[in-house]
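Secondary and tertiary structure notes
Single-letter residue listing:
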Amino acid sequence: MSDTEKNMNNNEGQANQKNSHANDKKKNFKRYYRPKTNNIQNKNYNSLKNNKNISISIVIPLFNEEESLEPLHKSIYDVVTRNKYNYEIIFVDDGSTDRSLQIIKRLAYRDKNVKYISFRQNYGKSAALNEGFKIANGDIVITMDADLQDNPEEIPNLINKINEGYDIVSGWKKDRKDSFVKNQTSKIYNFVTRLVSGIKLHDMNCGLKAYRKDVVKSIEIYGEFHRYIPVLAKWHGFKKITEIPVKHQPRQYGVSKFGLSRFYKGFVDLITVTFITRYVTRPMHLFGLWGAIIAFIGFMIEFYLTYEKLIHNRGLENRPLLFLGILMILFGGQLFSTGLIGELIVHNSNKDKEYTIREKKVE
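Summary of the structure given here. (Residues numbered from 1 in each chain as written. Predicted model: local features only at pLDDT ≥ 70, side-chain atom pairs only at ≥ 80, totals over all residues. Heavy atoms only, no water.)

1. Observations regarding unusual backbone geometry
Test applied: The secondary structure listing takes helices from DSSP runs of H or I that are at least 4 residues long and strands from runs of E that are at least 2 residues long, numbered from the N terminus. With a 1.4 Å probe rolled over the protein chains alone, any residue whose accessible area is under 20% of its type maximum counts as buried; one over 50% counts as exposed, and the rest are partly exposed.
With a phi close to 55°, N64 is a non-glycine residue in the positive phi region. If you trace the backbone, N64 turns up in the loop between β1 (55–62) and α3 (69–82). Phi is positive for K84, close to 60°, though the residue is something other than glycine. As for its placement among the helices and strands, K84 is situated in the loop between α3 and β2 (86–93). Here K84 falls in the exposed class, since its relative accessible area comes to 54%.

2. Topic: a positive patch on the surface
For the record, the criterion: The patches reported here contain residues having more than 30% relative accessible area and no salt bridge. Joining distances are 9 Å for like charges and 5 Å for nonpolar side chains (Val, Leu, Ile, Met, Phe, Trp, Tyr). In these tables, accessible area is a Shrake-Rupley quantity obtained with a 1.4 Å probe, and a residue counts as shielded only by the protein chains included in the view. Every case where a carboxyl oxygen of Asp or Glu lies within 4 Å of a side-chain nitrogen of Lys or Arg is listed as a salt bridge. Counting rule applied: Lys, Arg positive; Asp, Glu negative; His and chain ends not counted. For this purpose, a charge sits on NZ of Lys, CZ of Arg, CG of Asp or CD of Glu.
On the surface, a cluster of positive charge is contributed by K200, K234, K239, R278 and R282. Among the secondary structure elements, K200 is positioned in the loop between α7 (180–197) and β6 (209–212). Here K200 falls in the exposed class, since its relative accessible area comes to 65%.

3. Here we look at the sheet that holds strand β5 (residues 168–172)
The test is simple: By definition, two strands form a pair when at least two bridges between them are found by DSSP. An axis is simply a line fitted to the C-alpha atoms; with a helix, the fit covers only the stretch in contact. Between two such axes, the angle follows the N-to-C directions and lies from 0 to 180 degrees.
Sheet architecture is open: seven strands sit in the order β3-β2-β1-β4-β6-β5-β7, paired in mixed fashion. The open sheet has two free edges, formed respectively by β3 (114–118) and β7 (241–245), since each of these has just one partner strand. Direction aside, the axes of adjacent strands within the sheet are offset by 20° on average. Where strand β4 (residues 140–143) lies against β6, four bridges are found, and the strand directions are antiparallel.

4. So, the nonpolar core
Rule in force here: In plain words, nonpolar cores are sets of buried Ala, Val, Leu, Ile, Met, Phe, Trp, Tyr and Cys residues tied together by side-chain atoms within 4.5 Å. We call two residues in contact whenever any of their non-hydrogen atoms come within 4.5 Å of each other.
The biggest cluster of nonpolar side chains holds 34 residues, and the ones touching the most others in it are I56, I58, I60, F91 and I142. Those elements that place two or more of their residues in this core are β1, α3, β2, α4 (100–110), β4 and α6 (155–162). No other element matches α3, which puts five residues into this core. Apart from residues lying up to four places away in sequence, F91 is in contact with I60, L62, L69, L72, I104, L107, V114, K115, Y116 and I117. Counting residues in hydrophobic clusters, the runner-up holds 31 residues, among them A136, L201, I221 and F225.

5. Re the environment of Y116
Within the element layout of this structure, Y116 appears in strand β3. On the basis of relative accessible area, Y116 is assigned to the partly exposed category, the value being 36%. C-alpha separation for the pair Y116 and P61, spaced 55 residues apart in sequence, amounts to 9.8 Å. Sequence-distant contacts of Y116, that is, excluding residues within four places in its chain, are made with F91, L101, I104, K105 and A108.

6. What to know about the packing of aromatic side chains
Operational definition: Each pair of aromatic rings taken from Phe, Tyr and Trp, with Trp reduced to its six-membered ring, is defined by centres within 6.5 Å and is described as stacked if the planes are under 30 degrees apart, edge-to-face if over 60, and tilted in the remaining cases. A ring is scored as having a charge over it whenever the NZ atom of a lysine or the CZ atom of an arginine sits within 6 Å of its centre and within 35 degrees of its normal.
Under the counting rule described, the total for this entry stands at four aromatic pairs. Taken together, a centroid distance of 4.8 Å and an interplanar angle of 45° make the contact between Y222 and F225 tilted. Since its relative accessible area comes to 4%, F225 is described here as buried. In this structure, K174 packs its charged tip against the face of W172, placed 4.9 Å from the ring centre.

Set out below in structure tokens:
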């Protein structure tokens, strides 16, 4: 080999070695490059925009809805297959006395994505939803009623809205297909709930909703609290809540489970939820504050009556104000003591308190 050829080979080797080092530096740079925070926060949202990556759980509580189960399943199946969702349908039979359970079993035999839970007796919609949430595996959880009044065609709209970054998307039945009494009581209920909770939803009790998985796994509902899931979720830190108009269909089968007792129970539960979400960890702020105010007014009344007796020598035997002042002092003291006892209970139970955590790195 000539000297010229040797020099050319040496030059090529040095050039290749330099390129290799440059490529290694680029690789290392890419490997340790830290993306912007916004990209990290949006990563989960963007990953759900591809239908093939979306897994959804559809939780359906029901009670004596045997006629509607077959057409409901068919409608849901058409929607999820058309949109290529990975899905599961969870029927929760709340102690039905008709053939609902047999029909659900038949659907589960035909569709491997159908799951079901059946209660021995009727425990209520909150219990049914709570058990359904426990076994839901989807990234997005959809809830809907089994009476065919909620239209499964709205599922893609709910999912698209969730993908915009919301924690909860509630349906809003702008054109309700219900009786006049039910429509008017619902308007009153929703107005009061908006006023008390601060959540601007027109239809808080709409059964058609979409949740991120983290939401349903962080809350526990019981009693009649299914009406106030957005309020409970907000208390746990899920504050991105919105709504979209949805189509509401007339009931085709069965009878409505609505009664005036639900209207009364709804407002009682609103008071309970308000107390739980605002004062359960700080009872002294409620009982202590009002106890102190009432007791202070009682003391001022007694101070006034004492002044009247000592300065103007007026008798107190026929003064009802005397007994009112004593009553207010006693009642205020009891409220204040209740707040103190509540604080002691909270202090001792805080050791086992669980907090909802968005993300963490501990190693």
